[in-house]
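Close look at the chain arrangement
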Amino acid sequence: DQQVKQNSPSLSVQEGRISILNCDYTNSMFDYFLWYKKYPAEGPTFLISISSIKDKNEDGRFTVFLNKSAKHLSLHIVPSQPGDSAVYFCAAWGRGSTLGRLYFGRGTQLTVWP
Amino acid sequence: EAQVTQNPRYLITVTGKKLTVTCSQNMNHEYMSWYRQDPGLGLRQIYYSMNVEVTDKGDVPEGYKVSRKEKRNFPLILESPSPNQTSLYFCASSLVGTGQGGETQYFGPGTRLLVL
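Below you will find a few notes about this structure.

Scoring rules and cut-offs
Residues numbered from 1 in each chain as written. Chains lettered and ligands numbered in written order. Predicted model: local features only at pLDDT ≥ 70, side-chain atom pairs only at ≥ 80, totals over all residues. Heavy atoms only, no water. Contact = heavy atoms within 4.5 Å. Buried area = accessible area lost by both parts, 1.4 Å probe. Salt bridge = Lys/Arg side-chain N within 4 Å of Asp/Glu carboxyl O. Polar contact = N/O pair within 3.5 Å; in protein donor to acceptor, adjacent residues only side chain to side chain. Helix = DSSP H or I, 4+ residues; strand = E, 2+ residues; numbered from the N terminus. Nonpolar A, V, L, I, M, F, W, Y, C, P; charged D, E, K, R; others polar. Pairing = 2+ DSSP bridges. Core = buried A, V, L, I, M, F, W, Y, C linked by side-chain atoms within 4.5 Å. Buried < 20%, exposed > 50% of the residue type's maximum accessible area, 1.4 Å probe, protein only. Phe/Tyr/Trp six-rings, centres within 6.5 Å; stacked < 30°, edge-to-face > 60°.

1. Quick notes on the interface of chain B and chain A
- Contact with chain B, which involves 29 residues of that partner, is made by 21 residues of chain A.
- Approximately 1900 Å² of surface area, both sides summed, lies buried where chain B meets chain A, with 56% of it carried by carbon and sulfur atoms.
- At the junction of chain B with chain A, the criterion picks out 1 salt bridge.
- Between D59(B) and R101(A) there is a salt bridge whose closest N-O contact spans 2.7 Å.
- Counting across the chain B and chain A interface gives 6 residue pairs in polar contact (both at pLDDT 80 or more).
- Where the side of chain B that touches chain A is concerned, the elements lending two or more residues are β4 (31-38), β5 (42-51) and β9 (87-94) of chain B.
- No other element matches β5(B), which puts 5 residues into the side of chain B that touches chain A.
- Split by residue class, the side of chain B that touches chain A holds 10 nonpolar, 15 polar and 4 charged.

2. Observations regarding the environment of Q100(B)
- For Q100(B), the position within the fold is in the loop between β9 and β10 (106-107).
- Counting along the chain gives 81 residues from Q100(B) to L19(B), while the straight-line C-alpha distance between them is 35 Å.
- Apart from the residues lying within four places of it in its own chain, the contact partners of Q100(B) are D31(A), Y32(A) and R95(A).

3. Considering the sheet that holds strand β1 (residues 4-7) of chain B
Residue and element names in this part refer to chain B.
- The 4 strands are arranged β1-β3-β8-β7 in an open sheet whose pairing can be described as antiparallel. Looking at strand neighbours, the two that pair on one side only are β1 and β7 (65-66), the edges of this open sheet.
- Both β7 and strand β8 (residues 76-78) contribute to a ladder of 2 bridges, which runs antiparallel. Pairing of V66 across the sheet is with L76, part of β8.

4. Here's the deal with the nonpolar core
- One finds F33(A), W35(A), L73(A), L75(A) and Y88(A) to be the most contacted residues of the largest nonpolar core, which totals 24 residues.
- Those elements that place two or more of their residues in this core are β3 (19-25), β4 (32-38), β5 (45-51), β7 (62-67), β8 (72-77), β9 (86-93) and β11 (108-113) of chain A.
- For this core, the element with the most residues is β9(A), which contributes 4 residues.
- When neighbours within four sequence positions are excluded, L75(A) is seen to be in contact with S19(A), I20(A), L21(A), W35(A), L47(A), I48(A), F62(A), T63(A) and Y88(A).
- Residues V21(B), M27(B), Y89(B) and V115(B) belong to the second largest nonpolar core, which totals 19 residues.

5. A few points about unusual backbone geometry
- Following V78(A), the chain continues into P79(A) via a peptide bond in cis, with omega recorded as -15°.
- With respect to the helices and strands, the residue P79(A) is situated in the loop between β8 and β9.
- With an omega of -5°, the peptide bond between N7(B) and P8(B) qualifies as cis.
- Mapped onto the elements, P8(B) comes out in the loop between β1 and β2 (10-13).

6. Describing the packing of aromatic side chains
All names here are of chain B.
- Considering all chains together, one arrives at 15 aromatic pairs over all chains under this definition.
- A ring pair is formed by Y64 and Y89, whose centres lie 5.8 Å apart and whose planes are at 65°; its orientation type is edge-to-face. One end of the pair, Y64, is in the loop between β6 (54-57) and β7; the other, Y89, is in strand β9, and 25 residues separate them in sequence.
- Looking at Y64, the relative accessible area reads 6%, which means it is buried.

7. Some thoughts on the environment of L19(B)
All names here are of chain B.
- Tracing the sequence through the fold places L19 in strand β3 (residues 19-25).
- A residue is classified by how much of its surface remains accessible, and L19, at 7% relative accessible area, is buried.
- Put simply, L19 and L78 are 59 residues apart on the chain and 5.4 Å apart in space, counted from C-alpha to C-alpha.
- Leave out the neighbours within four places in its chain, and L19 touches L11, T13, L76, I77, L78, P81 and L113.

8. Focus on the side chain of S93(B)
All names here are of chain B.
- Here S93 shows up in strand β9.
- For S93, a relative accessible area of 0% gives the class buried.
- A distance of 2.8 Å separates a polar atom in the side chain of S93 from a polar atom in the side chain of H29.
- Once residues lying within four places of it in the same chain are set aside, the contact partners of S93 are V4, Q25, M27, H29, Y31, M32, T104, Q105 and Y106.

Here you go:
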């Protein structure tokens, strides 16, 4: 049973516009969330994280929003650039009996076109 | 340079022939983990280790073994590989594995395995 879900397998956005990637989770005990970016033939690289005590975290062009009541996160990329084209994974750290587990969504392929 | 290394990067083998994929990190991290990536399924955790001599199962441990005899190394062992283990494998490490303070995992470059 997937505890982190990314329901959009792909997203296509024009350069300069905003990209919004969505992620939902089912376990209310999750309290740290991360976004990773993955290019083909490379390992995932960390992008941005957010703690459950916050509702927003910003790093340059990347902002993550957390809505705890809806168990929903979103990653905003503004402005989008062609180099942002990659697969984006949402992840959540396990707590309690699942401490040490890092749960990933299935990923969203972002394509930014000129 | 801080990094996670995996070897080999590419491997073709036959069903039943034991293999080991090595993983090493130079960041003195307590926590290490293995994942497999399959089309449409994202990253699924195979095994993880919170410390030396401590290992636990992830989502998909069947058919895999691990060992953590020293902090820097975390090999993945396939005793009798089968075609359904054809996949892209990633090793990762992080400071302690609790996720506190926005702890992130650092990933290796991946090992692409084909089992015939």
